[in-house]
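In case you want the letters, here they are:
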Amino acid sequence: MTEPHPALRMFLRRLMLRSDLSEEEQQAVLSLRCQVARALPNMDIVPPGRRVNYSCLVAEGLAGRFGQLRDGMRQITAIYIPGDMCDLHSAMLPRVEWALQGLSAPLTYLKTPHEELLRVSRAYPLIAEAFWRDCVADASILSQWVVSLGRRGSMARAAHLFCEMALRIERAGLGTRQTFEFRATQAHIADALGITPVHMNRVMRSLRQQGALSWAGRTVHILDWEALVRIGGFDNGYLEFRR
(Lines give C-alpha, C1' and ligand atoms only; values in the text may rest on other atoms or scores of the structure.)
Protein backbone atom coordinates (compact mmCIF):
# COMPACT_ATOMS: atom_id res chain seq x y z
CA MET A 1 0.00 0.00 0.00
CA THR A 2 1.36 3.42 -0.97
CA GLU A 3 2.21 5.68 1.96
CA PRO A 4 -0.14 8.71 1.99
CA HIS A 5 1.37 12.13 1.33
CA PRO A 6 2.19 13.95 4.62
CA ALA A 7 -0.17 16.78 3.61
CA LEU A 8 -3.08 14.34 3.70
CA ARG A 9 -2.18 13.49 7.30
CA MET A 10 -2.17 17.21 8.12
CA PHE A 11 -5.55 17.61 6.40
CA LEU A 12 -6.92 14.71 8.42
CA ARG A 13 -5.58 16.32 11.60
CA ARG A 14 -7.44 19.53 10.67
CA LEU A 15 -10.68 17.63 10.06
CA MET A 16 -10.37 15.86 13.40
CA LEU A 17 -10.03 19.15 15.27
CA ARG A 18 -13.75 19.53 14.60
CA SER A 19 -15.03 16.02 13.75
CA ASP A 20 -14.83 12.47 15.08
CA LEU A 21 -13.84 9.93 12.44
CA SER A 22 -13.40 6.19 12.80
CA GLU A 23 -10.21 4.41 11.82
CA GLU A 24 -11.84 3.29 8.57
CA GLU A 25 -12.96 6.83 7.78
CA GLN A 26 -9.50 8.19 8.55
CA GLN A 27 -7.96 5.69 6.15
CA ALA A 28 -10.47 6.75 3.48
CA VAL A 29 -9.29 10.36 3.79
CA LEU A 30 -5.66 9.25 3.61
CA SER A 31 -6.45 7.22 0.47
CA LEU A 32 -7.43 10.29 -1.56
CA ARG A 33 -5.56 10.37 -4.88
CA CYS A 34 -3.67 13.63 -5.37
CA GLN A 35 -1.20 15.20 -7.78
CA VAL A 36 1.71 17.21 -6.38
CA ALA A 37 2.15 20.70 -7.85
CA ARG A 38 4.36 23.70 -7.07
CA ALA A 39 4.05 27.44 -7.52
CA LEU A 40 6.28 30.50 -7.30
CA PRO A 41 5.42 33.44 -5.01
CA ASN A 42 2.59 35.67 -6.30
CA MET A 43 1.73 33.08 -8.94
CA ASP A 44 -1.94 32.17 -9.42
CA ILE A 45 -2.66 28.51 -8.76
CA VAL A 46 -6.36 29.00 -9.54
CA PRO A 47 -7.10 32.10 -11.66
CA PRO A 48 -10.42 33.93 -11.08
CA GLY A 49 -13.34 32.75 -13.20
CA ARG A 50 -11.69 29.39 -13.91
CA ARG A 51 -13.75 26.21 -13.77
CA VAL A 52 -11.72 23.59 -11.91
CA ASN A 53 -12.05 19.86 -11.32
CA TYR A 54 -9.80 19.70 -8.24
CA SER A 55 -9.31 21.35 -4.85
CA CYS A 56 -5.94 22.59 -3.58
CA LEU A 57 -4.44 21.16 -0.38
CA VAL A 58 -1.44 23.12 0.93
CA ALA A 59 1.53 20.85 1.64
CA GLU A 60 4.33 23.39 2.21
CA GLY A 61 4.37 27.17 2.34
CA LEU A 62 1.44 29.58 2.32
CA ALA A 63 -1.38 30.24 -0.12
CA GLY A 64 -3.89 33.07 -0.20
CA ARG A 65 -7.31 33.79 -1.63
CA PHE A 66 -7.74 37.28 -3.01
CA GLY A 67 -9.85 39.65 -5.06
CA GLN A 68 -8.31 42.22 -7.38
CA LEU A 69 -9.66 45.54 -8.64
CA ARG A 70 -9.21 46.95 -12.12
CA ASP A 71 -6.50 49.33 -10.90
CA GLY A 72 -4.45 46.35 -9.68
CA MET A 73 -5.12 46.79 -5.97
CA ARG A 74 -5.97 43.54 -4.25
CA GLN A 75 -7.46 42.31 -0.99
CA ILE A 76 -6.31 39.03 0.50
CA THR A 77 -9.39 37.38 2.02
CA ALA A 78 -7.85 34.18 3.42
CA ILE A 79 -4.43 32.75 4.27
CA TYR A 80 -3.91 28.99 4.10
CA ILE A 81 -1.27 26.99 5.94
CA PRO A 82 -0.12 23.38 5.42
CA GLY A 83 -3.01 20.99 5.94
CA ASP A 84 -5.63 23.49 4.72
CA MET A 85 -7.79 22.57 1.74
CA CYS A 86 -8.06 26.07 0.25
CA ASP A 87 -11.16 25.52 -1.86
CA LEU A 88 -12.92 22.41 -0.59
CA HIS A 89 -16.19 24.12 -1.50
CA SER A 90 -15.25 24.01 -5.20
CA ALA A 91 -16.20 20.32 -5.22
CA MET A 92 -19.78 21.65 -5.18
CA LEU A 93 -19.19 24.96 -6.98
CA PRO A 94 -16.40 24.29 -9.48
CA ARG A 95 -16.43 27.74 -11.12
CA VAL A 96 -14.11 29.80 -8.93
CA GLU A 97 -14.64 33.56 -8.66
CA TRP A 98 -11.88 34.15 -6.09
CA ALA A 99 -8.31 33.51 -7.17
CA LEU A 100 -5.82 31.43 -5.22
CA GLN A 101 -2.18 32.43 -5.22
CA GLY A 102 1.10 31.26 -3.75
CA LEU A 103 2.33 33.62 -1.04
CA SER A 104 5.67 31.99 -0.30
CA ALA A 105 8.53 30.16 -1.95
CA PRO A 106 8.22 27.33 -2.25
CA LEU A 107 4.50 26.62 -2.30
CA THR A 108 3.79 22.93 -2.69
CA TYR A 109 0.18 21.82 -2.92
CA LEU A 110 -1.83 18.75 -3.84
CA LYS A 111 -4.42 18.87 -6.58
CA THR A 112 -7.18 16.71 -5.14
CA PRO A 113 -9.74 15.71 -7.81
CA HIS A 114 -13.34 16.59 -7.03
CA GLU A 115 -14.33 13.07 -8.04
CA GLU A 116 -12.13 11.75 -5.22
CA LEU A 117 -13.66 14.09 -2.64
CA LEU A 118 -17.15 13.14 -3.81
CA ARG A 119 -16.27 9.45 -3.81
CA VAL A 120 -15.33 9.37 -0.13
CA SER A 121 -18.19 11.72 0.78
CA ARG A 122 -20.74 9.38 -0.77
CA ALA A 123 -19.18 6.28 0.73
CA TYR A 124 -18.79 7.77 4.23
CA PRO A 125 -21.49 10.23 5.36
CA LEU A 126 -19.46 11.27 8.43
CA ILE A 127 -16.62 12.34 6.14
CA ALA A 128 -19.13 14.44 4.18
CA GLU A 129 -20.15 16.02 7.51
CA ALA A 130 -16.49 16.65 8.36
CA PHE A 131 -15.97 18.37 4.98
CA TRP A 132 -19.11 20.43 5.56
CA ARG A 133 -17.97 21.41 9.05
CA ASP A 134 -14.57 22.41 7.64
CA CYS A 135 -16.22 24.71 5.09
CA VAL A 136 -18.36 26.25 7.86
CA ALA A 137 -15.20 26.96 9.88
CA ASP A 138 -13.65 28.71 6.87
CA ALA A 139 -16.80 30.82 6.50
CA SER A 140 -16.63 31.70 10.20
CA ILE A 141 -13.03 32.87 9.79
CA LEU A 142 -13.98 34.96 6.75
CA SER A 143 -16.80 36.60 8.73
CA GLN A 144 -14.36 37.56 11.47
CA TRP A 145 -12.00 39.07 8.88
CA VAL A 146 -14.89 41.21 7.61
CA VAL A 147 -15.49 42.45 11.17
CA SER A 148 -11.79 43.33 11.45
CA LEU A 149 -11.78 45.28 8.19
CA GLY A 150 -14.97 47.14 9.05
CA ARG A 151 -14.62 47.85 12.76
CA ARG A 152 -11.11 47.31 14.11
CA GLY A 153 -8.28 49.79 13.89
CA SER A 154 -5.15 48.80 12.00
CA MET A 155 -3.19 47.77 15.08
CA ALA A 156 -6.09 45.73 16.48
CA ARG A 157 -6.51 44.15 13.03
CA ALA A 158 -2.86 43.09 12.93
CA ALA A 159 -2.91 41.77 16.50
CA HIS A 160 -6.08 39.80 15.83
CA LEU A 161 -4.65 38.24 12.67
CA PHE A 162 -1.42 37.18 14.38
CA CYS A 163 -3.39 35.67 17.28
CA GLU A 164 -5.44 33.68 14.77
CA MET A 165 -2.44 32.48 12.77
CA ALA A 166 -0.62 31.52 15.98
CA LEU A 167 -3.47 29.29 17.13
CA ARG A 168 -4.08 27.78 13.71
CA ILE A 169 -0.40 26.95 13.29
CA GLU A 170 -0.20 25.55 16.83
CA ARG A 171 -3.25 23.30 16.29
CA ALA A 172 -1.76 22.13 12.99
CA GLY A 173 1.37 21.00 14.86
CA LEU A 174 3.62 23.40 12.95
CA GLY A 175 4.80 25.56 15.85
CA THR A 176 3.57 27.10 19.09
CA ARG A 177 1.56 30.22 19.70
CA GLN A 178 4.73 31.83 21.07
CA THR A 179 7.05 31.00 18.15
CA PHE A 180 6.22 29.90 14.61
CA GLU A 181 7.45 30.12 11.05
CA PHE A 182 5.46 32.52 8.87
CA ARG A 183 6.58 32.87 5.26
CA ALA A 184 4.29 35.72 4.25
CA THR A 185 5.74 39.18 3.65
CA GLN A 186 4.64 42.39 5.33
CA ALA A 187 3.18 43.41 1.95
CA HIS A 188 0.99 40.29 1.98
CA ILE A 189 -0.24 41.05 5.49
CA ALA A 190 -0.91 44.65 4.48
CA ASP A 191 -3.09 43.31 1.66
CA ALA A 192 -4.95 41.14 4.18
CA LEU A 193 -5.46 44.06 6.59
CA GLY A 194 -6.43 46.62 3.95
CA ILE A 195 -3.55 48.99 4.70
CA THR A 196 -0.44 50.13 2.83
CA PRO A 197 2.94 48.40 3.30
CA VAL A 198 4.30 51.63 4.80
CA HIS A 199 1.51 51.71 7.39
CA MET A 200 2.01 47.99 8.02
CA ASN A 201 5.64 48.69 8.90
CA ARG A 202 4.51 51.33 11.42
CA VAL A 203 2.01 48.91 12.96
CA MET A 204 4.64 46.19 13.36
CA ARG A 205 7.05 48.67 14.92
CA SER A 206 4.38 49.74 17.42
CA LEU A 207 3.54 46.12 18.37
CA ARG A 208 7.23 45.46 18.89
CA GLN A 209 7.66 48.61 21.03
CA GLN A 210 4.73 47.50 23.19
CA GLY A 211 6.50 44.20 23.80
CA ALA A 212 3.71 42.16 22.20
CA LEU A 213 5.28 40.72 19.06
CA SER A 214 8.41 40.63 16.91
CA TRP A 215 8.77 39.34 13.37
CA ALA A 216 12.25 38.76 11.97
CA GLY A 217 12.83 36.91 8.71
CA ARG A 218 10.47 33.94 8.62
CA THR A 219 9.93 33.69 12.37
CA VAL A 220 7.23 35.34 14.47
CA HIS A 221 7.79 35.61 18.22
CA ILE A 222 4.76 36.50 20.30
CA LEU A 223 6.42 38.04 23.31
CA ASP A 224 3.27 38.69 25.37
CA TRP A 225 0.25 36.59 24.36
CA GLU A 226 -2.16 38.28 26.77
CA ALA A 227 -1.14 41.72 25.53
CA LEU A 228 -1.63 40.70 21.90
CA VAL A 229 -5.05 39.21 22.73
CA ARG A 230 -6.02 42.43 24.50
CA ILE A 231 -4.86 44.68 21.65
CA GLY A 232 -6.73 42.60 19.08
CA GLY A 233 -9.82 41.95 21.17
CA PHE A 234 -9.28 38.31 20.23
CA ASP A 235 -11.71 35.52 21.15
CA ASN A 236 -10.90 32.18 19.53
CA GLY A 237 -14.49 30.87 19.49
CA TYR A 238 -14.92 31.61 15.78
CA LEU A 239 -12.15 29.13 14.94
CA GLU A 240 -14.51 26.33 16.02
CA PHE A 241 -11.80 24.35 17.87
CA ARG A 242 -14.42 22.69 20.04
CA ARG A 243 -12.87 19.24 20.42
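Since the structure is predicted, the reported quantities are computational estimates derived from the model, not experimental observations.

Draft legend 1. Structural view of helix α4 (residues 125–151). End to end, α4 covers 39 Å across 27 residues, agreeing with the expected 39 Å (1.5 Å per residue, within 8%). Every buried residue belonging to α4 is among I127, A130, F131, D134, A137, D138, S140, I141, Q144, W145 and S148, and all of these are buried. The inward-facing, buried residues of α4 abut α1 (6–16), α2 (23–30), β5 (74–80), α3 (114–123), α5 (154–171) and α6 (186–193).

Draft legend 2. Up close: the environment of R51. Locating R51 in the fold gives a position in the loop between β2 (44–46) and β3 (54–60). R51 gets classed as exposed once you look at its relative accessible area, which sits at 62%. Non-local contacts of R51, meaning those with residues more than four positions away in its chain, are made with P94 and R95.

Draft legend 3. Examining α2 more closely. Of all the residues in α2, the buried ones are E25, Q26, A28, V29 and L30. Packed against the buried residues of α2 are α1, α3 and α4.

Draft legend 4. Focus on the sheet that holds strand β4 (residues 63–68). Overall, antiparallel pairing links the 4 strands, which are arranged β2-β6-β4-β5 in an open sheet. A single partner strand is all that each edge strand has here, and the edge strands are β2 and β5. Put simply, the sheet's adjacent strands are angled 40° from each other on average, direction ignored. The pairing of β4 with strand β6 (residues 99–102) spans 4 bridges and is antiparallel. Across the sheet, the residue bridging to G64 is Q101, located in β6.

Draft legend 5. Structural detail: the environment of F182. Within the element layout of this structure, F182 appears in the loop between β8 (179–181) and α6. When the C-alpha positions of F182 and A99 are compared, they lie 21 Å apart, and in sequence the two are 83 residues distant. Beyond its immediate chain neighbours, meaning those up to four positions away, F182 contacts L62, I79, F162, M165, I169, I189, W215, R218 and V220.

Draft legend 6. A look at the packing of α1 against α4. Between α1 and α4, the least distance of the axes is 9 Å, while the angle of their chain directions is 80°. Relative to α4, the element α1 is oriented roughly perpendicular. Residues F11, R14 and L15 of α1 form the contact with α4, whose participating residues are A130, F131, D134 and D138. Here the contact of α1 with α4 is built from residues that sort into 4 nonpolar, no polar and 3 charged.

Draft legend 7. Looking closely at the nonpolar core. Ranked by size, the top nonpolar core spans 45 residues in total, and within it I79, F162, F182, I189, L213 and L228 carry the most contacts. The dominant element in this core, judged by the number of residues it contributes, is α5, at 9 residues. When neighbours within four sequence positions are excluded, F162 is seen to be in contact with F180, F182, M200, M204, L213, W215, V220, I222 and L228. In this structure, L12, A28, L57 and M85 belong to the second largest nonpolar core, which totals 22 residues.

Draft legend 8. Region of interest: the pattern of salt bridges. Under the counting rule described, the total for this entry stands at 15 salt bridges. A salt bridge links E3 to R9, with the shortest nitrogen-to-oxygen separation between them at 3.0 Å. For the salt bridge of D84 with R14, the shortest nitrogen-to-oxygen distance reads 2.6 Å. Here R14 lies in helix α1 and D84 lies in the loop between β5 and β6, a separation of 70 residues in the sequence. On the basis of relative accessibility, which here comes to 4%, the residue D84 falls in the buried class. Taking the relative accessible area as the measure of exposure, R14 reaches 9% and is therefore buried. Through salt bridges with shared partners, a single network forms among R14, R18, D84, D134, D138, E164 and R168.

About the cut-offs
Residues numbered from 1 in each chain as written. Predicted model: local features only at pLDDT ≥ 70, side-chain atom pairs only at ≥ 80, totals over all residues. Heavy atoms only, no water. Helix = DSSP H or I, 4+ residues; strand = E, 2+ residues; numbered from the N terminus. Expected span 1.5 Å × (residues − 1). Buried < 20%, exposed > 50% of the residue type's maximum accessible area, 1.4 Å probe, protein only. Contact = heavy atoms within 4.5 Å. Pairing = 2+ DSSP bridges. Axes fitted to C-alpha atoms, helices over the stretch in contact; angles between N-to-C directions. Parallel < 35°, antiparallel > 145°, perpendicular 65-115°, else oblique. Nonpolar A, V, L, I, M, F, W, Y, C, P; charged D, E, K, R; others polar. Core = buried A, V, L, I, M, F, W, Y, C linked by side-chain atoms within 4.5 Å. Salt bridge = Lys/Arg side-chain N within 4 Å of Asp/Glu carboxyl O.

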